[in-house]
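One letter stands for each residue in the lines below.
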Amino acid sequence: MEIFETIRGIICEQLEIEDEETITMETSIMDDLEADSLDAVEVMMDIEDEFDIEIPDEDAEEFENIADIVKYIEEKIA
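Since this is a predicted model, take the numbers as computed values, not measurements.

**Comments concerning unusual backbone geometry**
Phi is mostly negative for residues that are not glycine, and the peptide bonds are mostly trans.
Right, so step 1: Phi at Glu34 takes a positive value of approximately 55°, unusual for a residue other than glycine.
Right, so step 2: In this fold, Glu34 is placed in the loop between helix 1 (2-15) and helix 2 (37-51).
Right, so step 3: Owing to a relative accessible area of 68%, Glu34 belongs among the exposed residues under this scheme.
Right, so step 4: Positive phi values are uncommon outside glycine, yet Asp52 reaches one of about 55°.
Right, so step 5: On the secondary structure map, Asp52 appears in the loop between helix 2 and helix 3 (57-60).

**Focus: the side chain of Glu48**
Right, so step 1: Checked against the element boundaries, Glu48 lands in helix 2.
Right, so step 2: Buried within the structure, Glu48 lacks any salt-bridge partner; Lys76 is the closest side chain of opposite charge, at an N-O distance of 10 Å.
Right, so step 3: Beyond its immediate stretch of four places on either side in the chain, Glu48 contacts Ile53, Glu54 and Ile55.

**Observations concerning the packing of aromatic side chains**
Right, so step 1: Inspection of the entire model under this criterion finds 1 aromatic pair.
Right, so step 2: Between the aromatic rings of Phe63 and Tyr72, the centroid separation amounts to 5.3 Å while the plane-to-plane angle is 70°, which identifies the pairing as edge-to-face. Each member of the pair, Phe63 as well as Tyr72, carries the same accessibility label: buried.

**A few points about the UniProt feature "modified residue: O-(pantetheine 4'-phosphoryl)serine" (unreviewed entry) in the protein chain**
Right, so step 1: Per the UniProt record, "modified residue: O-(pantetheine 4'-phosphoryl)serine" (unreviewed entry) is annotated on Ser37.
Right, so step 2: Note on placement: Ser37 falls in helix 2.

**A look at helix 1**
Right, so step 1: End to end, helix 1 covers 20 Å across 14 residues, agreeing with the expected 20 Å (1.5 Å per residue, within 8%).
Right, so step 2: Along helix 1, the positions that sit buried rather than exposed are Ile3, Phe4, Ile7, Arg8, Ile10, Ile11, Cys12 and Leu15.
Right, so step 3: Contact partners of the buried residues in helix 1: helix 2 and helix 4 (66-77).
Right, so step 4: Backbone geometry just downstream of helix 1 places Glu16 in the positive-phi region, at approximately 55°.

**Description of the UniProt feature "domain: Carrier" (unreviewed entry) in the protein chain**
Right, so step 1: As annotated by UniProt and renumbered to match this structure, "domain: Carrier" (unreviewed entry) occupies residues 1-77.
Right, so step 2: In residues 1-77, helix accounts for 58% and strand for 0%; the two terminal C-alpha atoms are 14 Å from one another.

**Notes on the packing of helix 2 against helix 4**
A pair of packed helices is characterised by two quantities: the angle between their axes and the separation of those axes.
Right, so step 1: Close contact between helix 2 and helix 4 brings their axes to 12 Å; oriented N to C, the two are set at 30°. The angle between the axes of helix 2 and helix 4 places the two elements in the roughly parallel class. Helix-helix and strand crossings are classified by hand; for helix 2 and helix 4 the assignment is right-handed. Seen from helix 2, the contacting residues are Met44, Ile47 and Phe51; seen from helix 4, they are Ile69, Ile73 and Ile77.
Right, so step 2: A per-class count over the contact of helix 2 with helix 4 returns 6 nonpolar, no polar and no charged.

Criteria and thresholds
- Residues numbered from 1 in each chain as written.
- Predicted model: local features only at pLDDT ≥ 70, side-chain atom pairs only at ≥ 80, totals over all residues.
- Heavy atoms only, no water.
- Helix = DSSP H or I, 4+ residues; strand = E, 2+ residues; numbered from the N terminus.
- Buried < 20%, exposed > 50% of the residue type's maximum accessible area, 1.4 Å probe, protein only.
- Lys, Arg positive; Asp, Glu negative; His and termini not counted.
- Salt bridge = Lys/Arg side-chain N within 4 Å of Asp/Glu carboxyl O.
- Contact = heavy atoms within 4.5 Å.
- Phe/Tyr/Trp six-rings, centres within 6.5 Å; stacked < 30°, edge-to-face > 60°.
- UniProt positions renumbered as here; feature names shortened; annotations may be inferred.
- Expected span 1.5 Å × (residues − 1).
- Axes fitted to C-alpha atoms, helices over the stretch in contact; angles between N-to-C directions.
- Parallel < 35°, antiparallel > 145°, perpendicular 65-115°, else oblique.
- Left-handed = near helix turned anticlockwise from the far one by under 90°.
- Nonpolar A, V, L, I, M, F, W, Y, C, P; charged D, E, K, R; others polar.

Right, here's the structure in full:
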């Protein structure tokens, strides 16, 4: 759950969302939070920096919700 909390914090900061509770594992950055592609790229860059990993664009395009991002990071840092 720690990874989720970190990602949620990054998303809230980037998209200027005040209520973190609105973001769940099922939340879609693009659909639910109405982020544009630039917002999504900036979120991914911050996540890469935070976890010291690289997320190729083709992998990032597969993410449908926050759970997908968390699972991806868990696999990369395990």
